[in-house]
Amino acid sequence: QVQLVESGGGLVQPGGSLRLSCAASGFTLARGTIGWFRQAPGKEREGISWISGRAGTSYYADSMKGRFTISRDNAQNTVYLQMNSLKPEDTAVYSCAAVYAVAAGLNPRNYPYWGQGTQVTVSS
């Protein structure tokens, strides 16, 4: 069984930072890819970034470049998302997803394994 557990969400003021974690079990990150997605109230799910556990290569959606950074620790089967200069528009449920592929893109349909999500709220 594959299980993904997100953590690190919470309430933060505009301009603040958060570091999200995605801990995987039953899944070998070194042989797969993990991506981050988010869904705000009343909006469709959007892809943020993905990283290859094998090569360490990563990809960001154009709208996410500059403020968000993805990284991974293969030994711990964990992927992180560092979020800086947060804005109220970043408020959403953030989820991670995994797949055994070299590069899966940001189409949610490519990811068979999903975490439950963690809430991020940016407000003063």
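Computed from a predicted model, the values in this text were never measured in an experiment.

Within strand E9 (residues 92–99), 7 of the 8 residues are buried, which leaves the element mostly enclosed by the surrounding structure. One ladder, built from 7 bridges, connects strand E4 (residues 33–39) with E9; its direction is antiparallel. Within the sheet, the bridge partner assigned to Gln39 lies in E9 and is Val93. One ladder, built from 3 bridges, connects E9 with strand E11 (residues 118–122); its direction is antiparallel. Bridge pairing in E11 links Val93 to Gln119. Here E9 runs beside strand E10 (residues 113–114); their pairing, made up of 2 bridges, is antiparallel. Within E10, the residue paired with Ala98 across the bridge is Tyr113.

A full pass over the atoms with the stated rule returns 4 salt bridges. Residue Glu46 pairs with Arg38 through a salt bridge whose shortest N-O separation is 2.6 Å. Exposure remark for Glu46: the relative accessible area of 26% places this residue in the partly exposed category. Among the ionic pairs, Arg67 bridges to Asp90, the shortest N-O distance being 2.8 Å. Remark: Asp90 occurs in the loop between strand E8 (78–83) and E9 and Arg67 occurs in the loop between strand E6 (58–60) and strand E7 (68–73); sequence separation between them is 23 residues. Beyond isolated ion pairs, a larger network of salt bridges with shared partners links Arg38, Glu46, Arg67 and Asp90.

Parameters and conventions
Residues numbered from 1 in each chain as written. Predicted model: local features only at pLDDT ≥ 70, side-chain atom pairs only at ≥ 80, totals over all residues. Heavy atoms only, no water. Buried < 20%, exposed > 50% of the residue type's maximum accessible area, 1.4 Å probe, protein only. Helix = DSSP H or I, 4+ residues; strand = E, 2+ residues; numbered from the N terminus. Pairing = 2+ DSSP bridges. Salt bridge = Lys/Arg side-chain N within 4 Å of Asp/Glu carboxyl O.

Shape is all these values report; function is a separate question.
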